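Here is how the chains run, residue by residue.
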Amino acid sequence: MSQTWTIIILANLFAVSVLGLAVLWLVGRREKKRHQAEIEALLAEIEDRQGQRADRILLALVEKYGFGEEAGHSVSEVLMLAEKQFLYQCVEQLLGRQPLSGFYESLCGLLDSYLNATLTAKPVAPPIAEPADGDAEPAGGDGDAEPAEAGAEQTETPPPDWGDVFD
């Protein structure tokens with residue numbers, strides 16, 4: 001009799017274990033589908049926002065910073081590609097459950113690409129106001145000293161090192 005009870009108990013334990021594993025598998029599968037749906041919704045939202053952001057960047061580059069239409073469009077494309085690459089790396093790290101050790105390097109790369117893209121594109125210079133009479137001397141007295149001072153004021157300072165910003 002004891003062998004019969006042992007077999008019945010083991011069979012019941014096996015059935016309960018299989019049932020428990022099936023329930024865990026179904027719950028995990030449902031959770032995975034929900035997580036995948038959330039990621040797809042997030043990616044759709046990111047695509048919409050990137051389109052809006054690209055338009056805002058192009059508008060700002062052309063109107064506010066004086067870039068030409070073609071230069072602003074090319075800079076905007078470069079910036080959006082850099083953002084897409086950064087987001088791709090972040091999603092890869094999050095989905096792969098990888099540590100975020102490379103996050104800072106990716107962020108620095110994104111900021112460097114922003115800086116390089118804006119520095120390599122040349123903004124359209126605003127027209128220089130010239131005196132109405134070409135032969136007349138400016139009201140400042142000595143004509144040679146004033147342009148030298150203006151040129152010294154117009155020189156740009158070197159761009160900041162992005163690595164120092166976060167220290």
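So, a few notes on the structure that sits alongside this text. Predicted model only: the values in this text are computed from it and were never measured. (Residues numbered from 1 in each chain as written. Predicted model: local features only at pLDDT ≥ 70, side-chain atom pairs only at ≥ 80, totals over all residues. Heavy atoms only, no water.)

### Points about the packing of helix α2 (residues 69-95) against helix α3 (residues 103-120)
Reasoning step 1: It is at 9 Å that the axes of α2 and α3 come closest, and there the two elements cross at 175°. As far as their axial angle goes, α3 and α2 are roughly antiparallel. Across from Val 75, Val 78, Leu 79, Ala 82, Glu 83, Phe 86, Gln 89, Cys 90 and Gln 93 in α2, the residues of α3 making contact are Phe 103, Ser 106, Leu 107, Leu 110, Ser 113, Tyr 114, Ala 117 and Thr 118.
Reasoning step 2: Residue classes in the contact of α2 with α3 are distributed as 11 nonpolar, 5 polar and 1 charged. (Axes fitted to C-alpha atoms, helices over the stretch in contact; angles between N-to-C directions. Helix = DSSP H or I, 4+ residues; strand = E, 2+ residues; numbered from the N terminus. Parallel < 35°, antiparallel > 145°, perpendicular 65-115°, else oblique. Contact = heavy atoms within 4.5 Å. Nonpolar A, V, L, I, M, F, W, Y, C, P; charged D, E, K, R; others polar.)

### Remarks on α2
Reasoning step 1: With 27 residues, α2 should cover 39 Å at 1.5 Å per step; its first-to-last C-alpha distance of 38 Å lies within 8% of that length.
Reasoning step 2: Looking only at α2, the buried set comprises Gly 72, Val 75, Ser 76, Leu 79, Met 80, Ala 82, Glu 83, Phe 86, Cys 90 and Gln 93.
Reasoning step 3: Those residues of α2 hidden inside the fold are in contact with α1 (2-64) and α3.
Reasoning step 4: Following α2 by one or two positions, Arg 97 has its phi on the positive side, about 55°. (Expected span 1.5 Å × (residues − 1). Buried < 20%, exposed > 50% of the residue type's maximum accessible area, 1.4 Å probe, protein only.)

### Regarding the nonpolar core
Reasoning step 1: Core analysis: the largest hydrophobic core is formed by 9 residues, namely Ala 54, Ile 57, Leu 61, Phe 67, Val 75, Leu 79, Met 80, Ala 117 and Ala 121.
Reasoning step 2: When contributions to this core are tallied by element, the ones reaching two or more residues are α1 and α2. (Core = buried A, V, L, I, M, F, W, Y, C linked by side-chain atoms within 4.5 Å.)

### Focus: α1
Reasoning step 1: Between its first and last C-alpha atoms α1 spans 89 Å; for 63 residues at 1.5 Å apiece the expected length is 93 Å, and the two agree.
Reasoning step 2: Residues Gln 50, Ala 54, Ile 57, Leu 58 and Leu 61 constitute the buried set of α1.
Reasoning step 3: In this fold, the buried residues of α1 make contact with α2.
Reasoning step 4: Once α1 finishes, Gly 66 follows within two positions and takes phi at roughly 75°, a positive value.

### Concerning a nonpolar patch on the surface
Reasoning step 1: A cluster of nonpolar side chains, contributed by Trp 5, Ile 8, Ile 9, Leu 10 and Leu 13, occupies part of the molecular surface with about 530 Å² of accessible area.
Reasoning step 2: Considering the arrangement of structural elements, one finds Ile 8 in helix α1.
Reasoning step 3: Using a relative accessible area of 39% as the deciding quantity, one classes Ile 8 as partly exposed. (Patch = residues over 30% accessible without salt bridge, like charges linked within 9 Å, V, L, I, M, F, W, Y side chains within 5 Å. Areas by Shrake-Rupley, 256 points an atom, 1.4 Å probe, with all protein chains shown as cover. Salt bridge = Lys/Arg side-chain N within 4 Å of Asp/Glu carboxyl O.)

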